[in-house]
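# Survey of secondary and tertiary structure
Here is how the chains run, residue by residue.
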Amino acid sequence: MAKKAPNPIDKHVGSRVRMRRMMLAMSQEKLGDALSLTFQQVQKYEKGSNRIGASRLQHICYILQVPIQFLFEGLPTVADGPTGMGASPSPDYVTDYLATLEKDQQR
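Everything numeric in this text was worked out from a predicted model, so none of it was measured.

What counts and how
Residues numbered from 1 in each chain as written. Predicted model: local features only at pLDDT ≥ 70, side-chain atom pairs only at ≥ 80, totals over all residues. Heavy atoms only, no water. Axes fitted to C-alpha atoms, helices over the stretch in contact; angles between N-to-C directions. Helix = DSSP H or I, 4+ residues; strand = E, 2+ residues; numbered from the N terminus. Parallel < 35°, antiparallel > 145°, perpendicular 65-115°, else oblique. Left-handed = near helix turned anticlockwise from the far one by under 90°. Contact = heavy atoms within 4.5 Å. Phe/Tyr/Trp six-rings, centres within 6.5 Å; stacked < 30°, edge-to-face > 60°. Lys NZ or Arg CZ within 6 Å of the ring centre and 35° of its normal.

## Here we look at the packing of helix α1 (residues 8-23) against helix α4 (residues 54-64)
Packing of α1 against α4 leaves a shortest axis separation of 10 Å and a crossing angle of 25 degrees. For the element pair α1 / α4, the angle class is roughly parallel. For α1 against α4, the interelement crossing comes out left-handed. Of the residues in α4, those in contact with Val13, Val17, Arg20 and Arg21 of α1 are Leu57, Ile60 and Leu64.

## Notes on unusual backbone geometry
With the exception of glycine, the majority of residues adopt a negative phi angle, and the majority of peptide bonds are in the trans configuration. Even without a glycine there, the phi angle at serine 36 is positive, about 60 degrees. The phi dihedral of glutamine 65 is positive, around 60 degrees, even though this residue is not glycine. Structurally, glutamine 65 can be placed in the loop between α4 and α5 (68-72).

## Overview of the packing of aromatic side chains
In total, this model carries zero aromatic pairs according to the counting rule given. Of note, arginine 16 hangs over the ring of phenylalanine 70, and the distance from its end group to the ring centre comes to 4.2 Å.

Here it is in structure tokens:
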């Protein structure tokens, strides 16, 4: 089976982790120790081959002394635009849906 390419967002976030770590003159080993991980795991995060979970992302930002938004600055845009919940429904749609729910609950 072919190896799956890293997600562009994971690569971007990882590169921002690496950039900030290097700005602080911190080694992968030191960051790994602070996270209770091996330096190899930090390498995988920085390359984007492994995704960073939400709680770990927050911990990394705490250690690197940056807000979470820092890691997403300059994020490449998606060519097709928002999908799924990214596109906001119209207010009328939401109002109609909620009204239907209230009627169903009253029965």
